[in-house]
Amino acid sequence: MGQDRDANTLASQASSSPLGVYVHIPFCEKKCFYCDFYSLENHSQRGAFIDALVKELSLFGEKYGRRKADTIFFGGGTPSLLTPSELGQILSAIDSSFQISENLEFTLECNPGTVDTAYLSEYRSLGVNRLSFGVQSFFDDELKFLSRIHSAEEAVSAVDKARHAGFHNINIDMIYALPGQTTERLLENLTRAVSLGTEHISAYSLIVEPGTPLNAAVEKGEITPSLESTEMDMYEVVMEFMEKNGFIHYEISNYSRPGYRCRHNLKYWNAEHYVSFGPSAHSYLDGQRWWNVSSLATYLSELNSGIIPVSVREKLTHSQLLDEFVLLHLRQGFLNIPEFAAIFSASIPRSLIAELETAGYCNYDGEMIQLTKSGFKVSDEISARILSRISSPT
Ligand code: SF4
């Protein structure tokens, strides 16, 4: 009983804050061979998708009332394929179903290969105030390896066009630890990324996701992924470089200039509430998590019948909430021990914290565990160690 009450405390704390709204645009010009996000190269159902999305937003408003929201994030897929008129149509539906805060962070993901200068200005007029570009590399051979449709020059030009269109909050995504990539190349990529002057940089190592053509090539022995030790060494290079260049490392793969953390993504990482629309989109609201079907055909047919196209819905248990709290906070590099104890009525042995400190993984000031660079490198392992030694009242 006590445990349920504590878990509900977390859920109700989150429910008093405005929501994040995510919209998944399931189309890409060409599928990248490492990507496992749900997106299609066939755009023939695009008009039907926008109509269905508008319907999904309206069904949400009818079911939950006009909840407050203060972040909107269009991801995918490739949202920059949307015409301003399509974006406007979706935004009207969002406006009808949510009370949108004045202080809105509104991000749209852009593929540098599909950027239209006129579109950017119109996106800005429609209220988009943050862009996120999937740059990935400044070497054309690396971009070719990743099967990206853009060149390094197009990536630079896309950010330049965004500045001219009036965007002052821009992220670029980078990928490192490509097979055979050298540290020199990594540093050159980071130098060029930082010199673009964007407010935010996300840097991910190349992950071989199951079911992707990259995975098939690895299984056939055509591609040899980087060793885990190389990846960890490169991660350390990234952390040091970004810190030296004035960026705050605020999540395992995310770095921002002061004042430019991504508020929308922070909602995921702080277990706050968000609702998502479009095929494969995940939501978390009022202690429940659900995700939509990962099939455009099913998404369209269910909405045509007036059904919200949810694939799975689950109520989070005390133990799931606790696990996620520890994991997500440590991925941000910290864990507030009194806050954790107050929410979950559980404690972490001092002896374990001392072990982690001695190993050089964290600093502890009596209240807050703060990960060091070595700690960031093994944050999921540290979470597992903590979770195996938590004691809760029976
Ligand atoms: S553009 Fe982005 S979403 Fe589309 S296939 Fe490539 S990585 Fe995936």
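In every chain, residue numbers begin from 1 and rise along the written sequence. pLDDT decides what is reported in this predicted model: residues at 70 or higher carry local features, side-chain atom pairs at 80 or more are listed and counted, and totals for whole chains, interfaces and linings draw on all residues regardless. With hydrogens and water set aside, each side-chain value is computed from the structure's full complement of heavy atoms.

1. Observations regarding the overall build of the protein chain
Across its full length, the protein chain holds 16 helices and 15 strands. Against the 2.2 N^0.38 benchmark of 21 Å for 394 residues, the protein chain shows a C-alpha radius of gyration of 22 Å, consistent with a compact globule. When the backbone C-alpha atoms are referred to their principal axes, the protein chain occupies close to 60 × 55 × 45 Å. When burial is assessed residue by residue, the protein chain has 51% of its 394 residues classed as buried. Sequence-distant contacts, at least 24 apart, represent 71% of the contacts inside the protein chain between residues at least 6 apart. Accessible surface is estimated by sampling points in the Shrake-Rupley manner with a 1.4 Å probe; for residues, cover comes only from the protein chains shown. Entry remark: accessible area of the protein chain is about 17,000 Å², with carbon and sulfur atoms responsible for 50%. By the criteria applied, helices consist of DSSP H or I runs no shorter than four residues and strands consist of E runs no shorter than two, each listed in order from the N terminus. The quantity called the radius of gyration is restricted to C-alpha atoms. Its globule counterpart is 2.2 Å times the number of residues to the power 0.38. The buried label applies to any residue whose accessible area, calculated with a 1.4 Å probe on protein chains only, is under 20% of its type's maximum; exposed applies above 50%, and partly exposed to all values in between. Note on contacts: a residue pair is in contact if any heavy atoms of the two residues lie within 4.5 Å.

2. Considering the sheet that holds strand β14 (residues 362–364)
Taken in spatial order, the three strands make up an open sheet running β13-β15-β14, and their pairing is antiparallel. The strands lining the two open edges of the sheet, one partner per strand, are β13 (334–336) and β14. Across the sheet, the mean angle separating the axes of adjacent strands is 15° when strand polarity is ignored. By definition, two strands form a pair when at least two bridges between them are found by DSSP. As paired strands, β13 and strand β15 (residues 368–371) are joined by three bridges and run antiparallel to one another. Bridge pairing in β15 links F334 to Q370. In the packing of helix α13 (residues 337–344) onto the sheet, contacts are made with β13, β14 and β15, and the angle to β13 comes to roughly 55°. In this description, a line fitted to the C-alpha atoms serves as the axis of each element, helices being fitted only across the stretch in contact, and the angle between N-to-C directions of two axes falls anywhere from 0 to 180 degrees.

3. Section: the domain arrangement of the protein chain
Along its sequence, the protein chain is carved into domain 1 (18–269) and domain 2 (318–388). Domains are outlined according to an automatic or database domain assignment. For domain 1 and domain 2, the distance between their C-alpha centres works out to 29 Å. At the interface, 13 residues of domain 1 touch seven residues of domain 2. Accessible area that two parts lose when put together, with a 1.4 Å probe and added across both, is what the buried area reports. For the pair domain 1 and domain 2, the summed buried surface comes to about 1,100 Å²; carbon and sulfur atoms form 60% of the total.

4. Things to note about the packing of aromatic side chains
Classification of ring pairs rests on two measures: the distance between centres of Phe, Tyr or Trp rings, Trp counted by its six-membered ring, which must be within 6.5 Å, and the angle between planes, read as stacked under 30 degrees, edge-to-face over 60 and tilted in between. Applying the stated criterion across every chain yields a total of 17 aromatic pairs. With a centroid separation of 6.1 Å and an interplanar angle of 80°, the aromatic rings of F98 and F277 are classed as edge-to-face. Residue F98 is found in strand β3 (residues 98–110), and its partner F277 is found in strand β9 (residues 274–277); the two are separated by 179 residues along the sequence. Considered together, F98 and F277 belong to a single accessibility category, that of buried residues. Aromatic side chains F340 and F344 sit 5.5 Å apart centroid to centroid with 40° between the ring planes, which places their arrangement in the tilted category. Residue F340 and its partner F344 are located together in helix α13, separated by four residues, close to a single helical turn.

5. Details of helix α9 (residues 228–244)
Given the number of residues in a helix, its expected span is that number minus one, multiplied by 1.5 Å. Counted at 1.5 Å a residue, the expected span for α9 with its 17 residues is 24 Å, and the 24 Å between its end C-alpha atoms agrees. Listing the buried residues of α9 in full gives E231, M234, Y235, V238, M239, F241 and M242. G246 occupies a position one or two residues after α9 and carries a positive phi of about 85°.

6. With respect to the nonpolar core
Put simply, buried Ala, Val, Leu, Ile, Met, Phe, Trp, Tyr and Cys residues joined by side-chain atoms within 4.5 Å make one nonpolar core. Grouped together as the largest cluster of nonpolar side chains are 99 residues, with contacts concentrated most on F74, I94, F98, F133, I172 and I386. The element contributing the most residues to this core is helix α2 (residues 46–64), with seven residues. Two domains each provide a minimum of three residues to this core, namely domain 1 (18–269) and domain 2 (318–388). Ignoring anything within four residues of it in the chain, the contact list for I94 reads V21, V23, L57, I72, F74 and I100.

7. Here we look at the site of the ligand
Residues are counted as near a molecule or strand when any one of their heavy atoms sits within 4 Å of it. The immediate surroundings of the ligand are formed by C28, K31, C32, Y34, C35, G76, G77, T78, N111 and R148. Along the lines of polarity and charge, the residues of the shell around the ligand split into four nonpolar, four polar and two charged. Note on residue classes: Ala, Val, Leu, Ile, Met, Phe, Trp, Tyr, Cys and Pro are nonpolar, Asp, Glu, Lys and Arg are charged, and everything else, Gly too, is polar.

8. Digging into the pattern of salt bridges
Every case where a carboxyl oxygen of Asp or Glu lies within 4 Å of a side-chain nitrogen of Lys or Arg is listed as a salt bridge. Inspection of the entire model under this criterion finds 15 salt bridges. For D286, the salt bridge goes to R67, with nearest N and O atoms at 3.1 Å. Of this pair, D286 sits in the loop between β10 (282–285) and β11 (288–292) while R67 sits in strand β2 (residues 67–76), and the two are 219 residues apart along the sequence. Its relative accessible area of 39% is what places D286 among the partly exposed residues. We note a salt bridge from E355 to R389, for which the minimum N-O separation is 3.3 Å. Placement of the pair is E355 in helix α14 (residues 350–358) and R389 in the segment after α16 (379–388), with a sequence separation of 34 residues. Here the residues in one salt-bridge network are D70, R263, K267 and E272, joined through shared partners.

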